[in-house]
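Reading the structure
Here is how the chains run, residue by residue.
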Amino acid sequence: MCRETKREPAWVSAIRLAFLRGQVDVDGVMEEANLIPGREGTVRDVLSTMADRNLLEPVDGADDRYVPGPVLVESDRYNLDFSKASDGGAHRWRSSG
């Protein structure tokens, strides 16, 4: 998927975790993207950039933890098909209001 979207694995994994789990952190992205130890700084930079672009929002009082931001939440309102993202499909966080 990373090749098709021309994004690095951390970026794609962060979006996937935001939709499937409702939160993103460095450890989760490291595991999801299957990154080698030592890439934590890169993941932090990616998550920070995503927050700057309103894809993610930092969680108050939690270092390096984010929830889906307005850009991702709004993308979920356009009936995108995430049914194949996991066995149970994707949950639509904060998309009802």
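Let me sum up the structure you'll find in this document. Keep in mind that this is a model prediction, so the values were computed, not measured.

Quick word on the overall build of the protein chain
- Looking only at helices and strands, the protein chain has five helices and three strands in total.
- Order of helices (α) and strands (β) in the protein chain, N terminus to C terminus: α-α-β-α-α-β-β-α.
- Across the 97 residues that make up the protein chain, the buried fraction comes to 31%.
- Taking all contacts inside the protein chain whose residues are at least 6 apart in sequence as the whole, residues at least 24 apart take part in 39%.
- Accessible area for the protein chain stands at about 6300 Å²; split by element, carbon and sulfur atoms hold 46% of it.

Overview of the sheet that holds strand S1 (residues 24-25)
- If you trace the three strands from one edge of the open sheet to the other, you get S1-S3-S2, paired in antiparallel fashion. Edge positions in the sheet fall to S1 and strand S2 (56-58), since each has one partner strand and no second.
- Looking at chain direction, S2 and strand S3 (residues 65-68) are connected through three bridges and run antiparallel. Following the sheet pairing, Glu-57 is matched in S3 by Val-67.
- Contacts from helix H4 (residues 40-52) reach S1, S2 and S3, with the element oriented near 105 degrees to S2.

A word on the packing of helix H2 (residues 9-21) against H4
- Between H2 and H4, the shortest axis-to-axis distance is 9 Å and the interhelical angle comes to 60 degrees. The pairing of H2 with H4 is recorded here as oblique in orientation. In this structure, the crossing between H2 and H4 has a hand that is right-handed. On H4, the residues touching Ala-10, Trp-11, Ala-14 and Ile-15 of H2 are Val-43, Val-46, Leu-47, Thr-49 and Met-50.
- Here the contact of H2 with H4 is built from residues that sort into eight nonpolar, one polar and no charged.

Thoughts on the side chain of Ser-13
- With respect to the helices and strands, the residue Ser-13 is situated in helix H2.
- Judged by its relative accessible area of 7%, Ser-13 falls in the buried class.
- In contact with Ser-13, not counting residues within four places along its chain, are Val-29, Glu-32 and Ala-33.

A short note on H2
- Across its 13 residues, H2 extends 17 Å between first and last C-alpha, which sits within 8% of the 18 Å expected from 1.5 Å per residue.
- Within H2, the full set of buried residues consists of Ala-10, Trp-11, Val-12, Ser-13, Ala-14, Leu-17, Ala-18 and Phe-19.

What counts, and where the lines are drawn
Every chain is numbered independently, its residues counted from 1 as its sequence is written. Per-residue local features of the predicted model are confined to residues with pLDDT of at least 70, and side-chain atom pairs are confined, for both listing and counting, to 80 or more; whole-chain, interface and lining totals are unaffected and use all residues. Hydrogens and water molecules were not included; the side-chain quantities draw on all heavy atoms of the structure. Numbering of helices and strands runs from the N terminus, with a helix taken as a DSSP run of H or I at least four residues long and a strand as a DSSP run of E at least two residues long. For every residue, the accessible area (1.4 Å probe, protein chains only) is compared with the maximum for its type, and the residue is labelled buried under 20%, exposed over 50%, or partly exposed between those bounds. The contact criterion used is simple: two residues touch if any of their non-hydrogen atoms lie within 4.5 Å. Computed with the Shrake-Rupley method and a 1.4 Å probe, the accessible areas treat only the protein chains shown as cover for residues. Paired strands, as defined in this entry, are two strands with at least two bridges between them according to DSSP. Lines fitted to C-alpha atoms define the axes, with helix axes restricted to the stretch in contact, and inter-axis angles between N-to-C directions lie between 0 and 180 degrees. For classification purposes, an angle smaller than 35 degrees is called roughly parallel, one larger than 145 roughly antiparallel, one from 65 to 115 roughly perpendicular, and anything else oblique. For a crossing to be left-handed, the near helix must be turned anticlockwise from the far one by less than a right angle; the clockwise case is right-handed. Lys, Arg, Asp and Glu make up the charged group, whereas Ala, Val, Leu, Ile, Met, Phe, Trp, Tyr, Cys and Pro make up the nonpolar group; the residues left over, Gly among them, are polar. Between the first and last residue of a helix there are one fewer steps than residues, each counted as 1.5 Å, and that sum is the expected span.

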